[in-house]
Amino acid sequence: MTADAAAPIGLPGGPYDPPHVRVLSLAAAKWVSQPIAVLASLGVADALVDGPRTVDDLAAAVGARAGALGRCLRAAASVGVFAEREDGTYELTPMAGSLRADALDSIRNWVLMLNQGPMWDSFGKLEEAVRTGRSAFEVAHGRPLFEHLDKDVEFRGVYESAMGELTSELAGELAPAIDFSGYGTLVDLGGGDGELLGTLLRHCPDSRGVLVERPHVVERARVRLAELGVVDRTSLVAGDATEEVPAGGDAYLIKNMLHCFDDDTALAVLRRVREAGGDDARLFVIEVVVPPGNGFHWAKLIDIEMLADNDGRERGEDEWRELLGRAGFELERVVPATPPQSVLIARPV
């Protein structure tokens, strides 16, 4: 089999299988996710950049046992991630290419974050989160996610890199899609390494930026903003983005932060933004929006991650409208962005 003839994307269990088989295929998702995570961690995709290799050759290159590595490759290839050729060698597929560390669309760190270490362990406590309202992560590890990130430097690196992987694609599409040039000062709350704010500022040469992040992240942002050529137009504020909301911004950006919180906490953040921005500043909230009905949408599954991690939640458009209204904003429109993200644009009332 070649990369072009790779198996269809999906778990075992087709539409013509009995219902119990289809349910089993969903419940057994770890049979697929964990081998893929192991292959990502070992760097197998990077080892195949120059062409197909035998399992023995790959095992020597990545420091693994050939027999076990081959079984993980076979499982991953069955769902289109990697492909076994007729001569027994393995090669990259487009899906496997996204596991390369240097790929433009890399999701390697996302795969590692979700399937190894603290995040993986917390899902074993999901039932307690459902029963008690206490986050599964805190039950599993004895402390909330963000407190854990302050202590576990190695996992924090994976977590922050995962957040950055998707921000880069979003920033590149958002900048030309929404005209930010009319806003003199853009304030990015919890702006990570500055990829989003920096990209917007490159498209808005007359605008200035303010980025609020935790102290150790601010230094990373300074480097990235310098690479983007906008550090001289950006003020960096080291602090808690849920508490530190600089006044005087013309536009406030909040990306993938409010879904980490329950409604009371999210409302408190929005009210601080309303007070800081006054009666003229626009608010841009970048989140997934849960659609109604029974159809598949990533928002409905990401919502379970939020439930497990920190008792946060995803919200539907009506829920966002109500929450923003309570904070003194009116939701003007929802702009689709890089799937599954949307931009909720709100004005003060």
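Residues numbered from 1 in each chain as written. Predicted model: local features only at pLDDT ≥ 70, side-chain atom pairs only at ≥ 80, totals over all residues. Heavy atoms only, no water.

1. What about the overall build of the protein?
Looking only at helices and strands, one finds 17 helices and 10 strands in the protein. Relative to the 2.2 N^0.38 estimate, which gives 20 Å for 349 residues, the radius of gyration of the protein is 22 Å and therefore close to what a compact globule would have. In terms of overall dimensions, the protein has C-alpha extents of about 65 × 45 × 40 Å along its principal axes. A total of 349 residues make up the protein; the buried ones form 46% of that total. Taking the intrachain contacts of the protein between residues at least 6 apart in sequence as the baseline, contacts between residues at least 24 apart amount to 63%. Accessible surface, the protein: about 16,900 Å² in total, of which carbon and sulfur atoms supply 52%. For the protein, the distance from the average site of its 34 positive side-chain charges to the average site of its 55 negative ones is 2 Å. (Helix = DSSP H or I, 4+ residues; strand = E, 2+ residues; numbered from the N terminus. Rg over C-alpha atoms; globule rule 2.2 N^0.38 Å. Buried < 20%, exposed > 50% of the residue type's maximum accessible area, 1.4 Å probe, protein only. Contact = heavy atoms within 4.5 Å. Areas by Shrake-Rupley, 256 points an atom, 1.4 Å probe, with all protein chains shown as cover. Lys, Arg positive; Asp, Glu negative; His and termini not counted. Charge placed at Lys NZ, Arg CZ, Asp CG, Glu CD.)

2. Some details on the pattern of salt bridges
This structure, assessed with the given rule, holds 22 salt bridges. The partner of Arg-313 in a salt bridge is Asp-263, and the shortest N-O contact between them spans 3.5 Å. Of the two residues, Arg-313 is situated in the loop between helix H16 (298-310) and strand E8 (315-316) and Asp-263 in helix H15 (residues 263-277); the sequence distance between them amounts to 50 residues. Glu-330 is paired through a salt bridge with Arg-347; the nearest N and O atoms lie 2.6 Å apart. Here Glu-330 is found in strand E9 (residues 329-336), whereas its partner Arg-347 is found in strand E10 (residues 341-348), with 17 residues between them in sequence. (Salt bridge = Lys/Arg side-chain N within 4 Å of Asp/Glu carboxyl O.)

3. Some thoughts on the packing of aromatic side chains
Applying the stated criterion across every chain yields a total of five aromatic pairs. Aromatic pair Phe-155 and Tyr-159: ring centres 6.5 Å apart, planes at 50°, arrangement tilted. Of this pair, Phe-155 and Tyr-159 are both found in helix H12 (residues 153-177), four residues apart, which corresponds to roughly one turn of the helix. Both residues of the pair, Phe-155 and Tyr-159, count as buried. Ring geometry for Tyr-183 against Phe-284: centres 5.7 Å apart, planes inclined by 80°, an arrangement best described as edge-to-face. Of this pair, Tyr-183 sits in the loop between H12 and strand E3 (185-189) while Phe-284 sits in strand E7 (residues 282-290); the two residues are 101 residues apart in sequence, bridging distant segments of the chain. Taken as a pair, Tyr-183 and Phe-284 share a single burial class, namely buried. Members of the aromatic cluster, joined through ring pairs, are Phe-180, Tyr-183 and Phe-284. In this structure, Arg-315 is placed above the aromatic ring of Trp-320, and the distance from its NZ or CZ to the ring centre is 5.2 Å. (Phe/Tyr/Trp six-rings, centres within 6.5 Å; stacked < 30°, edge-to-face > 60°. Lys NZ or Arg CZ within 6 Å of the ring centre and 35° of its normal.)

4. Notes on the confidence of the model for the protein
Of all residues in the protein, 96% attain a pLDDT of 70 or more, and the chain-wide mean is 93. Residue range residues 1-10 is modelled with pLDDT below 50. Its contacts to residues more than four positions away, or to other chains, number 26 contacts. (pLDDT = per-residue confidence, 0-100.)

5. Quick notes on the pairing of strand E5 (residues 234-238)
Relative to E5, strand E4 (residues 208-213) runs parallel, the two being bridged by five bridges. Following the sheet pairing, Val-212 is matched in E5 by Val-237. The parallel pair E4 and E5 is bridged by helix H14 (residues 215-227), and the resulting crossover is right-handed. (Pairing = 2+ DSSP bridges. Right-handed = clockwise from strand over helix to strand, strands pointing away.)

6. A word on the side chain of Thr-234
Positionally, Thr-234 belongs in strand E5. A distance of 2.9 Å separates the side chain of Thr-234 from the backbone oxygen of Val-230, its partner in a polar contact. (Polar contact = N/O pair within 3.5 Å; in protein donor to acceptor, adjacent residues only side chain to side chain.)

7. Description of the nonpolar core
Within the largest apolar cluster, 30 residues are counted, with the highest numbers of intra-cluster contacts made by Leu-189, Tyr-252, Ile-254, Leu-258, Leu-270, Val-273 and Leu-283. For this core, the secondary-structure elements that each account for two or more residues are E3, E4, strand E6 (251-255), H15, E7, helix H17 (317-326), E9 and E10. Broken down by element, the residue count for this core peaks at six residues, all from H15. If we ignore the near neighbours within four places in the chain, the residues touching Leu-258 are Ala-266, Val-269, Leu-270, Val-285, Glu-287, Arg-315 and Trp-320. (Core = buried A, V, L, I, M, F, W, Y, C linked by side-chain atoms within 4.5 Å.)

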